[in-house]
Number of protein chains: 2
Amino acid sequence: MATIAGSRRVRRTPFSDGVEAAGVKGYTVYNRMLLPTVFRSVVEDYKHLKTAVQVWDVSVERQVEIRGPDAGRLMQMLTPRDLRGMLPGMCYYVPMVDETGGMLNDPVAVKLAEDRYWVSIADSDLLLWVKGLAYGLRMDVLVDEPDVSPLAIQGPKAEELAARVFGDKVKDLKFFRFGMFEFGGKSHVVARSGYSKQGGFEVYVDGAEHGMPLWNALMEAGRDLDVHAGCPNLIERIEGGLLSYGNDMTRENTPHEAGLGRFCSTQTAIGCVGRDALLRVSKEGPVKQIRALRIEGDLPPCDREWALMDGQRQVGSVTSSAFSPDFEHNVAIGMVRMTHWDQGTDLDVITQSGVFPAIVHETFWI
Amino acid sequence: MATIAGSRRVRRTPFSDGVEAAGVKGYTVYNRMLLPTVFRSVVEDYKHLKTAVQVWDVSVERQVEIRGPDAGRLMQMLTPRDLRGMLPGMCYYVPMVDETGGMLNDPVAVKLAEDRYWVSIADSDLLLWVKGLAYGLRMDVLVDEPDVSPLAIQGPKAEELAARVFGDKVKDLKFFRFGMFEFGGKSHVVARSGYSKQGGFEVYVDGAEHGMPLWNALMEAGRDLDVHAGCPNLIERIEGGLLSYGNDMTRENTPHEAGLGRFCSTQTAIGCVGRDALLRVSKEGPVKQIRALRIEGDLPPCDREWALMDGQRQVGSVTSSAFSPDFEHNVAIGMVRMTHWDQGTDLDVITQSGVFPAIVHETFWI
């Protein structure tokens, strides 16, 4: 495995000093910024995440701030999810699509006020799409990337740790709701959310200067909880069916193909730029869709799309895969054609190290 | 130095198999794709690039294809460079700006026909900006990323090698002009261009299936020329003053601050979305600008912005730096305030490993 070359372009984060001191062993680049992928080992990180509490540098979830009189109208243009019920204090998972219905991102939107949103993005420069639309349509909004860097607290002991630093009121937060909590003399958005199924919070650290002080405060306060630096864990997120934009779905896919139909209310999402396209395809339903897959064998890393075969015919692809210590087989995410997506369907997967048997699994491992 | 984690999201290229077989030792991620940074060593690669010929996988220069009746009008909206003189067969280096005059990318535009362009991008999802504008302004264009992956042939023996594979006619190409050349039964754009000062070509390989055959053909044909796999070389590109978007300039900078005023003809670039903003600032001229800098001492890697100081006052920053074996000192690129940008100005640079003396250099090292 080659090393990653340092440069200003691949941005460090407000927490990078802490991440390095904690002995980060692997990185990926996400939104042109460093994202840790492993500290002790992926398996050790996985076991620890499921039993203790971790602090994650997820600064790569950059914010697109949309502010001004047209903010609400612009937000609805971006997504087929009906946002009329979204109130300040709420977070919504919002598939975002272009005019063809292709996914441009799958961010979490944070409604700060009627005229002010943060869009906490997955790996694409959504800012440029939003800026382009806003300019072209002469909308009365400001669109920018603020100095806000999320820090996640994840794991079964996350609530205890968060309460020690932010006070017991943080325990009252419902899932995908946020409140304002003080740290370092500044008020920060703290939401009950995060890219794991172990529960926890994301702190939208407002101002890089608060990064390391908060990191250190959490490490200090959680010492007896066995707190450790962590990061989104490949195994745990596949088990939990948490999709990764750019891996499991791209601009080539609709939200329906990505299995995100439950987050779309295209009929009533008036104004969404992809509405016409999505209404057209949703009449028929998708002809391929995300599925959980179980794969047998000693697999290589899934660093490219793997073809899913029925004999000589390609019927889909695998886009994420890892060996699960808890379930004792490989857990995987793939896109499978409707003719072969029923649970129990036997398929073959072609990897860079040979062919392995795969089977469509009923659900993710949650 | 941590390793880079593999995933489909960080895309492999049509040449990745060749890159790996050639023993790539380091990568960066650029446009969500793997870009090699070192093969033998950065210094060995540098010396070889200046004396022989290298083949570079620069697939990361993704193309934004703009096609249709409004293609020319849309292109002019994107840049303050006057494109009226651009004819099919020409490549133009075009700073691209938003409505504030901030740089969004610094691509090479390739005019294939009056109604068809490729924009060969630096590291930002320019596609999304162009799509957003085109949608918002209801322009009659198609905007997409085609299956085109540039392969560069760079070095003093590049012409000889290119001629062996594409025929002697390739030698007639003038700088920043392209022609159509056949390989593998398909016609490809071959331009005299590339991200080095050693001369050479970029082949816009049209179709991933032609990638490895061309890679292998070049390696085979160049054996006696000491051809080797290479990549953009940090030392050589700093010596040559080749800027790197995301390192040396960002959305925070105008083209004038980036020293790219000679590529702007803002007065006559009617339609450019940043025209008003740039006309406003160009009246006064920039108050900070890119400069070549010479730095003394045993520097750490420039993996973050370094502050440039005059005593206690910050007067700029360094964004790229490397030790030059040929010039026997550190060569660097920075942005310096007008009060301190004259050649010979003595400054201090604050790195993660201490403070070092810097001096504003008259020119780049070419």
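First, a word on what this report is: a plain description of the structure on this page. (Residues numbered from 1 in each chain as written. Chains lettered and ligands numbered in written order. Predicted model: local features only at pLDDT ≥ 70, side-chain atom pairs only at ≥ 80, totals over all residues. Heavy atoms only, no water.)

Focus on the overall build of chain A
Phase 1: Along its length, chain A carries eight helices and 22 strands.
Phase 2: At 21 Å, chain A has a C-alpha radius of gyration in line with the 21 Å of a compact globule built from 366 residues.
Phase 3: Reported as C-alpha extents along the three principal axes, the dimensions of chain A are approximately 65 × 50 × 40 Å.
Phase 4: Out of the 366 residues in chain A, the part that is buried amounts to 63%.
Phase 5: Summarising the internal contacts of chain A: among those between residues at least 6 apart in sequence, 65% fall at separations of at least 24.
Phase 6: Of the roughly 14,000 Å² that chain A leaves accessible, carbon and sulfur atoms contribute 50%.
Phase 7: Side chains of chain A give 40 positive and 49 negative charges; the mean places of these two sets differ by 3 Å. (Helix = DSSP H or I, 4+ residues; strand = E, 2+ residues; numbered from the N terminus. Rg over C-alpha atoms; globule rule 2.2 N^0.38 Å. Buried < 20%, exposed > 50% of the residue type's maximum accessible area, 1.4 Å probe, protein only. Contact = heavy atoms within 4.5 Å. Areas by Shrake-Rupley, 256 points an atom, 1.4 Å probe, with all protein chains shown as cover. Lys, Arg positive; Asp, Glu negative; His and termini not counted. Charge placed at Lys NZ, Arg CZ, Asp CG, Glu CD.)

Comments concerning the relation of the copies chain B and chain A
Phase 1: Least-squares fitting of chain B to chain A yields an RMSD of 0.0 Å, with the transformation described by 0.0 Å of translation along the axis and a rotation of 180 degrees. Classification of the inter-copy transformation places it as that of a two-fold axis.
Phase 2: Both copies present the same face, since 100% of the interface residues in chain B are matched by interface residues at the equivalent positions in chain A. (Least-squares fit on C-alpha atoms with pLDDT ≥ 70 in both.)

A look at empty space enclosed by the protein
Remark: the empty space left among the atoms is shown by a probe the size of a water molecule rolled over them.
Phase 1: One pass over the full model with this rule turns up one cavity of 30 Å³ or more.
Phase 2: Taken as a whole, the largest cavity holds about 40 Å³ of empty space.
Phase 3: Forming the walls of the largest cavity are Arg 9, Val 29, Tyr 30, Asn 31, Arg 32 and Asp 123 of chain A together with Val 29, Tyr 30, Asn 31, Arg 32 and Asp 123 of chain B.
Phase 4: Breaking the lining of the largest cavity down by element, the ones donating at least two residues are strand E2 (26–30) of chain A together with strand E2 (26–30) of chain B.
Phase 5: Residue composition of the lining of the largest cavity, by class: four nonpolar, two polar and five charged. (1 Å grid on protein atoms, 1.4 Å probe; cavity = no way out; pocket = protein on both sides within 12 Å on 5 of 7 lines; lining within 4 Å. Points joined across faces, edges and corners; volume = space filled by probe spheres on them. Nonpolar A, V, L, I, M, F, W, Y, C, P; charged D, E, K, R; others polar.)

Focus: the environment of His 361 of chain B
Residues and elements named next belong to chain B.
Phase 1: Mapped onto the secondary structure, His 361 falls in the segment after strand E22 (354–360).
Phase 2: For the pair His 361 and Ala 292, spaced 69 residues apart in sequence, the C-alpha to C-alpha distance is 5.2 Å.
Phase 3: A polar contact of 3.4 Å, which involves the side chain of His 361, links it to the side chain of Trp 365. (Polar contact = N/O pair within 3.5 Å; in protein donor to acceptor, adjacent residues only side chain to side chain.)

Comments concerning the sheet that holds strand E12 (residues 148–154) of chain B
Residue and element names in this part refer to chain B.
Phase 1: Across the sheet, which stays open at both edges, the six strands sit in the order E13-E14-E15-E12-E4-E16 with mixed pairing between neighbours. Two strands close off the open sheet at either side, each with one partner strand: strand E13 (178–183) and strand E16 (228–230). The average angle at which neighbouring strand axes cross in this sheet is 30 degrees, direction not considered.
Phase 2: As paired elements, strand E4 (residues 54–57) and E12 share four bridges and run antiparallel to each other. The residue bridging Asp 57 from the neighbouring strand is Leu 151, located in E12.
Phase 3: Along the sheet, helix H2 (residues 42–51) contacts E4, E12 and E16; its crossing angle with E4, the most-contacted strand, is approximately 120 degrees. (Pairing = 2+ DSSP bridges. Axes fitted to C-alpha atoms, helices over the stretch in contact; angles between N-to-C directions.)

Quick word on helix H3 (residues 71–78) of chain B
Think of an α-helix as turning once every 3.6 residues; residues three or four places apart then point the same way.
Phase 1: Buried residues dominate H3 of chain B, accounting for six of its eight residues.
Phase 2: Ala 71, Leu 74, Met 75, Gln 76, Met 77 and Leu 78 of chain B are the residues of H3 of chain B that are buried.

Description of the side chain of Lys 131 of chain A
Phase 1: With respect to the secondary-structure elements, Lys 131 of chain A resides in helix H4 (residues 126–136).
Phase 2: What makes Lys 131 of chain A buried here is its relative accessible area of 5%.
Phase 3: Among the polar contacts listed, one links the side chain of Lys 131 of chain A to the side chain of Asp 98 of chain B, at a separation of 3.1 Å.
Phase 4: Contacts of Lys 131 of chain A, omitting those with residues within four sequence positions, involve Val 143 of chain A together with Asp 98, Glu 99, Trp 129 and Arg 251 of chain B.

Considering the state of the cysteines
Residue and element names in this part refer to chain B.
Phase 1: Counted under the stated rule, the structure contains zero disulfides over all chains.
Phase 2: Cysteine Cys 91 is unpaired, with the sulfur of Cys 264 as its nearest cysteine sulfur at 18 Å.
Phase 3: On the accessibility criterion, Cys 91 (4% relative accessible area) is buried.
Phase 4: Residue Cys 264 stays outside any disulfide, its sulfur separated by 8.3 Å from that of Cys 272, the closest cysteine.
Phase 5: Judged by relative accessible area, Cys 264 falls into the buried class, the value being 13%. (Disulfide = S-S within 2.5 Å.)

Quick look at the pattern of salt bridges
Residues and elements named next belong to chain A.
Phase 1: What the rule picks out here adds up to 57 salt bridges over all chains.
Phase 2: Residue Glu 20 pairs with Arg 12 through a salt bridge whose shortest N-O separation is 2.7 Å.
Phase 3: For Arg 12, a relative accessible area of 16% gives the class buried.
Phase 4: The closest approach of N and O atoms between Glu 44 and Arg 40, which form a salt bridge, is 4.0 Å.
Phase 5: Assessed through its relative accessible area of 41%, Glu 44 is described here as partly exposed. (Salt bridge = Lys/Arg side-chain N within 4 Å of Asp/Glu carboxyl O.)

Quick word on the packing of aromatic side chains
Phase 1: Enumeration over the complete set of coordinates arrives at 12 aromatic pairs over all chains.
Phase 2: Arranged with centres 4.9 Å apart and planes meeting at 75 degrees, the rings of Tyr 93 of chain A and Phe 263 of chain A form a pair that is edge-to-face. Here Tyr 93 of chain A is found in strand E6 (residues 91–93), whereas its partner Phe 263 of chain A is found in the loop between helix H7 (234–239) and helix H8 (275–284), with 170 residues between them in sequence.
Phase 3: Residue classification places Phe 263 of chain A among the buried residues on the basis of a relative accessible area of 19%.
Phase 4: One residue, Arg 81 of chain B, lies across the ring of Tyr 92 of chain B, its end atom 3.9 Å from the ring centre.
Phase 5: The ring of Tyr 135 of chain B carries Arg 138 of chain B above its face, with NZ or CZ at 5.8 Å from the centroid. (Phe/Tyr/Trp six-rings, centres within 6.5 Å; stacked < 30°, edge-to-face > 60°. Lys NZ or Arg CZ within 6 Å of the ring centre and 35° of its normal.)

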